[in-house]
Amino acid sequence: MPIDIDPSPKFAEYADPSVLVSSEWLANNLGRDGLVVLESDEDVLLYQTGHIPTARKIDWHTDLNDVSTRDYIDGAGFAKVMSRLGINRDDTVVLYGDKSNWWAAYALWVFKLFGHQDVRLLDGGRDKWTSEARELTKDIPEVSASNYPVIERDDSALRAFRDDVFAHFGKPMIDVRSPEEYAGDRLSAPGYADEGASRAGHIPTAASVPWSKACNEDQSFKNRSGLEQIYLEGAGLKGHSDVIAYCRIGERSSHTWFVLKYLLGIEKVRNYDGSWSEWGSLVKAPIALGVEPGPVPQLA
Amino acid sequence: MPTLETADQLIKDFEILRDSERLDLLLEFSEALPELPARYADHPELLERVEECQSPIFLFVEIDDQGLTRLFFSAPPESPTTRGFASLLFSVIDGLPVAEALEFDLDFPFKLSLSTAVSALRLRGMLGILSRIKRQLREKSAQ
């Protein structure tokens, strides 16, 4: 049984009104059959300190990444994680997390690589929920394992690899990192460990639109017209654009990917998860420095 | 709170646990991180930010009048992992003679059997804290 969508007027304006729920909606729907709440955080212990009642924990790194290859788990691996968490293929999954939902959006993107139909984000994430003084619990819900089918991952529509980026020059790209990372003044976001790129700067032609522009102060998403101002008028994207978003390892760009694909309904949006930690180390990959996107590079 | 331990004991403590228990133990350490004394709580400018950590954490190192290392940390409760890292280092370094603390094994974070439970990427944050402790100690012991 699909669970009805949150009818908030703000969500109704988005291209896909079904992908967000408000904290109020979630509070009123906790415990419903077929609804699974999942917390996905940057901090691996945060869930244990208290979480939304009934929420289960998924970790972007230890659950969703392959242990040896820099890649996501395969269909069998995903089925195993889903089954352990008691998630069925037709369940409605609501994801939320810390850091303005970066890792929740990242997990949502991975769910979509496996074609899980009904995955939604809690608007404003953990921050908004806790700032509204809503209930948190340390109780770990008892979950009976499910039998999630093995569905092979399909990267073709939603994921960009480095060769896709080389083939993409001339079409829009969005760099969602901080202005300092974009300009090449630093290798990682202020306060973040450098994850090994050997050059700083940005992919030539990419527009700088830091991910946080999509958020209100309480970390909820801006309304549709606010988002259109930033991405359509500001960055020049169109409804029919074919766009690639990237950041450092793909988490902040998942957040922007979600905005472009579901809230604005842009036709083709891919997340380049290799992002700067790959491009900034790749031999012969062209790089632009400074605040300008830079021209289309002449590739040998 | 967990009692002061040697690094070798702590490595063994973690080694025998399952991953989920390792996280529980890290959380115990996180909750046991001592509060800042007023002389630092009232003067946040004295503390150094650890840039390598994903979450905000600040630290200050003192050498007391007996020549022992004293560590002070400040990290918010919303960053339990970072607090846990700081607390682990506190438990094995605070109170060490300066010479011993300066020799402390930089590889310690990676010997705690946490790379699958926490991920090696996150463990780099602990290395950042440890490196900064040693740098402050070097500067202060040279004065």
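Scroll up for the structure.
Residues numbered from 1 in each chain as written. Chains lettered and ligands numbered in written order. Predicted model: local features only at pLDDT ≥ 70, side-chain atom pairs only at ≥ 80, totals over all residues. Heavy atoms only, no water.

With that settled, the discussion passes to the overall build of chain B. Within chain B, the secondary structure is distributed over six helices and three strands. What you see in chain B, going N to C, is helices and strands ordered as α-α-α-β-β-β-α-α-α. In chain B, buried positions account for 52% of the 143 residues. Residue pairs in contact within chain B that sit at least 24 positions apart in sequence constitute 65% of those at least 6 positions apart. Entry remark: accessible area of chain B is about 6700 Å², with carbon and sulfur atoms responsible for 53%. Of the side-chain charges in chain B, 15 are positive and 25 negative, and the distance between the mean point of each set is 5 Å. (Helix = DSSP H or I, 4+ residues; strand = E, 2+ residues; numbered from the N terminus. Buried < 20%, exposed > 50% of the residue type's maximum accessible area, 1.4 Å probe, protein only. Contact = heavy atoms within 4.5 Å. Areas by Shrake-Rupley, 256 points an atom, 1.4 Å probe, with all protein chains shown as cover. Lys, Arg positive; Asp, Glu negative; His and termini not counted. Charge placed at Lys NZ, Arg CZ, Asp CG, Glu CD.)

Now for the sheet that holds strand E3 (residues 69-74) of chain B. Residue and element names in this part refer to chain B. Within the open sheet, the three strands sit side by side as E1-E2-E3. Their pairing is antiparallel. Two strands close off the open sheet at either side, each with one partner strand: strand E1 (48-49) and E3. Pairing of E1 with strand E2 (residues 58-63), which is carried by two bridges, proceeds in the antiparallel orientation. Within E2, the residue paired with Glu-48 across the bridge is Leu-59. Packing of helix H6 (residues 120-142) onto the sheet brings it into contact with E1, E2 and E3, and relative to E2 it is tilted by some 35 degrees. (Pairing = 2+ DSSP bridges. Axes fitted to C-alpha atoms, helices over the stretch in contact; angles between N-to-C directions.)

All told, the structure shown has 21 aromatic pairs over all chains when counted by the stated rule. With a centroid separation of 5.8 Å and an interplanar angle of 85 degrees, the aromatic rings of A:Trp60 and A:Tyr106 are classed as edge-to-face. Of this pair, A:Trp60 sits in the loop between strand E3 (56-57) and helix H3 (75-84) while A:Tyr106 sits in helix H4 (residues 102-113); the two residues are 46 residues apart in sequence, bridging distant segments of the chain. For A:Trp60, a relative accessible area of 2% puts it in the buried group. Taking 4.9 Å as the distance between ring centres and 50 degrees as the angle between the ring planes, the aromatic pair formed by B:Tyr40 and B:Phe72 counts as tilted. Of the two residues, B:Tyr40 sits in helix H3 (residues 38-41) while B:Phe72 sits in strand E3, which places them 32 residues apart along the sequence. With respect to burial, B:Tyr40 and B:Phe72 carry one shared label: buried. Just above the ring of A:Tyr262 sits the side chain of A:Lys261; from NZ or CZ to the centre is 5.6 Å. Positioned above the aromatic ring of B:Phe60 is the side chain of B:Lys140, whose terminal nitrogen or guanidinium carbon lies 3.8 Å from the ring centre. (Phe/Tyr/Trp six-rings, centres within 6.5 Å; stacked < 30°, edge-to-face > 60°. Lys NZ or Arg CZ within 6 Å of the ring centre and 35° of its normal.)

Right, let's talk about helix H1 (residues 7-15) of chain B for a bit. Residue and element names in this part refer to chain B. Restricting attention to buried positions, one finds in H1 the residues Ala-7, Leu-10, Ile-11 and Phe-14. Across the axial projection of H1, the buried residues extend over an arc of 100 degrees, all falling on one side. When the buried face of H1 is taken as reference, the exposed residues oriented beyond 90 degrees from it are Asp-8 and Lys-12. For H1, the elements touching its buried residues are helix H2 (19-31) and helix H4 (80-93). (Arc of directions from axis to C-beta.)

On inspection of all chains with the given rule, the structure shows 33 salt bridges over all chains. The salt bridge partner of A:Asp59 is B:Arg122, with a shortest N-O separation of 3.0 Å. Linking A:Asp59 in the loop between E3 and H3 with B:Arg122 in helix H6, this pair reaches from one chain into another. Of the two residues examined, A:Asp59 and B:Arg122, each falls in the buried class. The partner of A:Asp155 in a salt bridge is A:Arg153, and the shortest N-O contact between them spans 2.9 Å. As far as the burial class goes, A:Asp155 and A:Arg153 line up, both buried. Connected through salt bridges with shared partners, the residues A:Asp71, A:Arg153, A:Asp155, A:Arg159 and A:Asp273 form a single ionic network. (Salt bridge = Lys/Arg side-chain N within 4 Å of Asp/Glu carboxyl O.)

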